[in-house]
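Coordinate inspection notes
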Number of protein chains: 2
Amino acid sequence: MDQQIIDKLRDIVGEDHIRTSTAELYAYSTDAGIHRSMPDAVIRPRTTAEIEKIVKLANEYLFPIVPRGAGTALCGHSVPVAGGLVIDLQRMNTIKELHIEDLYVVVEPGVTHKDLNAELKKYGFFIPGPSSGNVANIGGMVATNASGGNAVKYGATRDYVLGMEVVFPKGDIAKLGSRTLKNSAGYQLEKLMCGMEGTLGIITEITLRIAPLPEATAVAVAVFDTLEKAGQCVANMIARPLIPSGLELMSRVCIEAVNKAVCMGLPDEEAILLIEVDGSVNDVKDQIRKVMEVCKSSGALSVDFTDDPERKEELWKGRKAMIPSLSKYDDDLVTVMLADDMAVPMSKVPEAVTAFQEISDKYDIVIASYGHSGDGNLHTKVLMDPTKRSHWDQAEKAVEEIYSKVMDLGGTITGEHGVGMTKAPFFLRERKCSLDAMKMIKMALDPNNIMNPNKIMDWEDNFISRLRYHLEEE
Amino acid sequence: MDQQIIDKLRDIVGEDHIRTSTAELYAYSTDAGIHRSMPDAVIRPRTTAEIEKIVKLANEYLFPIVPRGAGTALCGHSVPVAGGLVIDLQRMNTIKELHIEDLYVVVEPGVTHKDLNAELKKYGFFIPGPSSGNVANIGGMVATNASGGNAVKYGATRDYVLGMEVVFPKGDIAKLGSRTLKNSAGYQLEKLMCGMEGTLGIITEITLRIAPLPEATAVAVAVFDTLEKAGQCVANMIARPLIPSGLELMSRVCIEAVNKAVCMGLPDEEAILLIEVDGSVNDVKDQIRKVMEVCKSSGALSVDFTDDPERKEELWKGRKAMIPSLSKYDDDLVTVMLADDMAVPMSKVPEAVTAFQEISDKYDIVIASYGHSGDGNLHTKVLMDPTKRSHWDQAEKAVEEIYSKVMDLGGTITGEHGVGMTKAPFFLRERKCSLDAMKMIKMALDPNNIMNPNKIMDWEDNFISRLRYHLEEE
């Protein structure tokens, strides 16, 4: 990037908010995933007007721009793979308006999920979000359509977006959507922007619907001697109908890993369901009764409910400890995010988890399956020794088969993380028949292809080869 | 339209399913609104493959195509304003798949909301929809992002669309979205298609999330001596937090009209709130208690709850009778849909209703305001003598002011009906800053502009002049 451009950028945001030192560029060269590519510069604007100028400059000098929130994405979403300018939006972190009685808030993109919910909690409200919500930014949640374990009851981020302000790729500022709960006014561009991962514009303000916090919650542990029975129990619960606010499935590998790492004392069986229900105090009582009935009639070995806050916290801590716990499963193996975040229709969860186990056995590698089974979202970690070429060979074949199985089951390769770089090759297969429409929209809105180029459908590489190369190099 | 084209269309669907007689074209020249324009032909395909051929033919011979469901839209959505071919999708009326335990169904676009809900009811599920659901088709509900009075709790159609099959404007068939509750895989084109009103493609199959039917419901009538108090009561209820499944506001004009027309015996006061709560039996009890408290502390003159099925039905019948009732308000006046279906943030409802009353007084015409105040959606009917030029002059000015007020209050010109022709001039004002993006997407996907042309943002006429002309002509 020419010094001339850097100077112009400096004029826009001031000396303090443009960085070009190698150390700082390095910090912005990756996200929470495994890809890495250095930007030419990093800029930290404070206002929409500054962003408008930056985007217009990018069109004039044709350099790539990559918007970035907290960088918690796992698939290289904000990695500047073609260099250029990373736009760090974390200075835009104001909760601008609270309209509790109108069920909406207006925030800047750099507000964290945690900070927003802390403010909303004062009024008895919240918005659902991802496990990374302590640091994840609202802008990033919108741009990836992030969600978490309570999506079966509460939906994903897209369901909360009522409107937004964006700077489109050519530098035009537009207000999309509305401040009303209902809106049938033309193309719902605010929904199109959910999941665009910084390729169609920069989100500078978001209007979000809010949901009332439940009065009470209770958590159950249900134990099963087969994965199939646990899966059937989930299906029976939904069909009752009974929609829990959380429903997590842990297979044997995960149970062992968590017990070993954090001494949870979980029952040593094939499958456990963690079931959370919420609502008014009386409603929770009703739901507990129904959950007990369904679990027993589905063949649970035991079902234990608790509304004790300490035990509830301990149980969710165990669930959250799963990823770090898996690293302690075998001292010689580390967890690698190769196949992760697949989603299938809920009733297919047992078949998916069983298939993953068979694939794991076939290629002689350890694959831990767990997930938000209440919404069919499965997480899988490959445990391997990344210094061994043979492990990479096995993993590559196993991952290929896992994604194929997910697509065969009518599932998607990403339920809540997004595509980025890691999932792009599989995305191209899954969405083959709508890629043309996506590319036409991208070209129409971003004719110079400056917005986060070489992401999502603009990708042809084999990610495992890149990944392997990267690890072997280090 | 050349006979050659008609012959080719006949070859696609067979003799029985293409119509060109004047009587039949006339039946397809309008929807439930007030605009009228004759098509050149009407076709009734049964399969996606037939639609693919029709769309490719339209691109070859460059004639407009206008998809149509039951024709219940109120703003001219499916009126073939540029002539061409109307595609009636009502033969595609199969509920293809029910996946209750996976919380989704797959339907063809011509399935009615009523038929789908009748099937879902057997399993204890439903999807919310518009008041016209007895005849409205799912395809049309998606294409207009339709919704009804329970949207504050249950959302609009867009919130239920997980995926769909479409024939894009150039004839490509694509599957959009997924069958999973969560999906972060690229651009959410299935959400962009909600509200496109037939301008971006033809929806040939829809995958919808379903919601559990509540165990119990109860309805309250709360009476207030001012509109402001009723409005404040709504705000207090939401902020409590307490989200009713229905919340309807009736102002004095509406109360008088309903009492006169169907002898409801509603209290003769300034404002009534009809409040519906639903949930589990115990949850409904909790909510009734809270609603009573909030209504009383907000100054209600009286609050009467009922869970008696007959009385509940009678109350909603009164609400539903409002539009026909208004015609009996004054024997010399008829209701004309000039300003309708505006939505504002809920707390602005009293200000909006008061302003509409002032505008009504200023121009000396009767305007009845009512609406789904729980979600800020307001319906307004102008009562006028359409044979009087002076009434048209007054109405034109009043409507202009009503829409301006709605936009000033941060609202939208359409909450649940869509834009079509009637609302296009106001839509152009409301969405000024995102029209370019909408037009770019339209041009990218439909370069020949064959899909429902001259609708939404492709419109420059003054609708009241057209309307007046139409009525004066008859």
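Residues numbered from 1 in each chain as written. Chains lettered and ligands numbered in written order. Predicted model: local features only at pLDDT ≥ 70, side-chain atom pairs only at ≥ 80, totals over all residues. Heavy atoms only, no water.

Chain A is annotated in an unreviewed UniProt entry as D-lactate dehydrogenase (cytochrome) of Methanococcoides methylutens MM1. Chain A has a UniProt comment under Cofactor (unreviewed entry) that states "FAD". The record held by UniProt for chain A lists under Sequence similarities (unreviewed entry) the comment "Belongs to the FAD-binding oxidoreductase/transferase type 4 family." (UniProt positions renumbered as here; feature names shortened; annotations may be inferred.)

So, about the overall build of chain A. Along the backbone of chain A there are 17 helices and 19 strands. Compactness check: chain A gives a C-alpha radius of gyration of 23 Å against a globular reference of 23 Å for 474 residues, within 12% of the reference. Projected onto its principal axes, the C-alpha coordinates of chain A cover approximately 70 × 60 × 40 Å. In chain A, which comprises 474 residues, the proportion classed as buried is 62%. In chain A, the share of contacts with a sequence separation of at least 24, taken over all contacts with a separation of at least 6, comes to 71%. Computing the positive centroid from 52 side-chain charges and the negative centroid from 69, chain A places the two 3 Å apart. (Helix = DSSP H or I, 4+ residues; strand = E, 2+ residues; numbered from the N terminus. Rg over C-alpha atoms; globule rule 2.2 N^0.38 Å. Buried < 20%, exposed > 50% of the residue type's maximum accessible area, 1.4 Å probe, protein only. Contact = heavy atoms within 4.5 Å. Lys, Arg positive; Asp, Glu negative; His and termini not counted. Charge placed at Lys NZ, Arg CZ, Asp CG, Glu CD.)

Another point: the relation of the copies chain B and chain A. If you rotate chain B by 180 degrees and push it 0.0 Å along the axis, it lands on chain A with an RMSD of 0.0 Å. One copy is carried onto the other by what is essentially a two-fold rotation axis. The residues that chain B uses at the interface reappear at the interface of chain A in 100% of cases, marking a shared surface. (Least-squares fit on C-alpha atoms with pLDDT ≥ 70 in both.)

Below, the discussion takes up the UniProt feature "domain: FAD-binding PCMH-type" (unreviewed entry) in chain A. Annotation from UniProt places "domain: FAD-binding PCMH-type" (unreviewed entry) at residues 35–213 of chain A. Here residues 35–213 of chain A is 21% helix and 25% strand, with 37 Å between the C-alpha atoms at its ends.

Residues and elements named next belong to chain B. Spatially, 1-2-4-3 is the arrangement adopted by the four strands of the open sheet, whose pairing is mixed. Both outer strands of the open sheet, strand 1 (18–19) and strand 3 (65–68), are each paired with one neighbouring strand and no more. Judged from the two bridges that link them, strand 1 and strand 2 (residues 41–43) form a sheet pairing that is antiparallel. Residue I18 lies in a different strand from strand 2, and its bridge partner there is I43. (Pairing = 2+ DSSP bridges.)

Residue and element names in this part refer to chain A. Strand order in the open sheet formed by five strands is 5-6-10-8-9, with antiparallel pairing between adjacent strands. Two strands lie at the open edges of the sheet, namely strand 5 (95–99) and strand 9 (173–177), each paired on one side alone. Pairwise comparison of adjacent strand axes, ignoring direction, gives a mean angle of 10 degrees for this sheet. Where strand 8 (residues 161–167) and strand 9 come together, five bridges link them in antiparallel fashion. (Axes fitted to C-alpha atoms, helices over the stretch in contact; angles between N-to-C directions.)

What follows is about the pairing of strand 10 (residues 202–209) of chain B. Residue and element names in this part refer to chain B. The buried fraction of strand 10 amounts to seven of the eight residues, a majority that puts the element mostly inside the structure. Bridge count for strand 8 (residues 161–167) against strand 10 is six bridges, and the pairing is antiparallel. Each residue of the ladder has a partner; that of V161, found in strand 10, is L208.

With that settled, the discussion passes to the interface of chain B and chain A. Contacts between the two partners involve 90 residues from chain B and, on the opposite side, 90 residues from chain A. Taken together, both faces of the contact between chain B and chain A bury some 6,800 Å²; the carbon and sulfur share is 60%. Run the count over chain B and chain A and you get eight salt bridges. Seen at the junction of chain B and chain A, the total is 43 residue pairs in polar contact (both at pLDDT 80 or more). Mapped onto the side of chain B that touches chain A, the elements with two or more residues apiece are helix 6 (151–154), strand 9 (173–177), helix 7 (189–192), helix 8 (227–239), helix 10 (281–297), helix 15 (424–430) and helix 16 (435–445) of chain B. No other element matches helix 16 of chain B, which puts seven residues into the side of chain B that touches chain A. (Buried area = accessible area lost by both parts, 1.4 Å probe. Salt bridge = Lys/Arg side-chain N within 4 Å of Asp/Glu carboxyl O. Polar contact = N/O pair within 3.5 Å; in protein donor to acceptor, adjacent residues only side chain to side chain.)

A word on the packing of aromatic side chains. Residues and elements named next belong to chain A. A complete count under the given rule lists four aromatic pairs over all chains for this structure. Look at F126 and Y154: their rings are 5.2 Å apart centre to centre, the planes differ by 85 degrees, and that puts the pair in the edge-to-face class. Residue F126 is located in strand 7 (residues 125–126), and its partner Y154 is located in helix 6 (residues 151–154); the two are separated by 28 residues in the primary sequence. Considering the side-chain rings of Y403 and F426, the 4.1 Å spacing of their centres and the 25 degrees angle between planes classify their relative orientation as stacked. Of this pair, Y403 sits in helix 14 (residues 389–408) while F426 sits in helix 15 (residues 424–430), and the two are 23 residues apart along the sequence. Exposure class is identical for Y403 and F426. Each is buried. (Phe/Tyr/Trp six-rings, centres within 6.5 Å; stacked < 30°, edge-to-face > 60°.)

Residue and element names in this part refer to chain A. For the pair helix 8 (residues 227–239) and helix 10 (residues 281–297), interaxial distance at closest approach is 9 Å and the crossing angle is 140 degrees. Classified by the angle between their axes, helix 8 and helix 10 sit oblique to one another. Once helix 8 is placed against helix 10, the crossing between them reads as right-handed. Here C233, N236 and M237 of helix 8 lie close against helix 10, whose contacting residues are V291, V294 and C295. Per-class residue counts for the contact of helix 8 with helix 10 are five nonpolar, one polar and no charged. (Parallel < 35°, antiparallel > 145°, perpendicular 65-115°, else oblique. Left-handed = near helix turned anticlockwise from the far one by under 90°. Nonpolar A, V, L, I, M, F, W, Y, C, P; charged D, E, K, R; others polar.)

The next subject is the environment of R68 of chain B. Residues and elements named next belong to chain B. Structurally, the position occupied by R68 is in strand 3. For R68, a relative accessible area of 9% corresponds to the buried category. Along the chain, R68 and I288 lie 220 residues apart, while their C-alpha atoms are 42 Å from each other. The contact partners of R68, leaving out residues within four places of it in the chain, are A27, Y28, T30, D31, S78, V86, I87, D88 and L89. Engagement of the side chain of R68 in a polar contact is seen with the backbone oxygen of T30, the distance being 2.9 Å.

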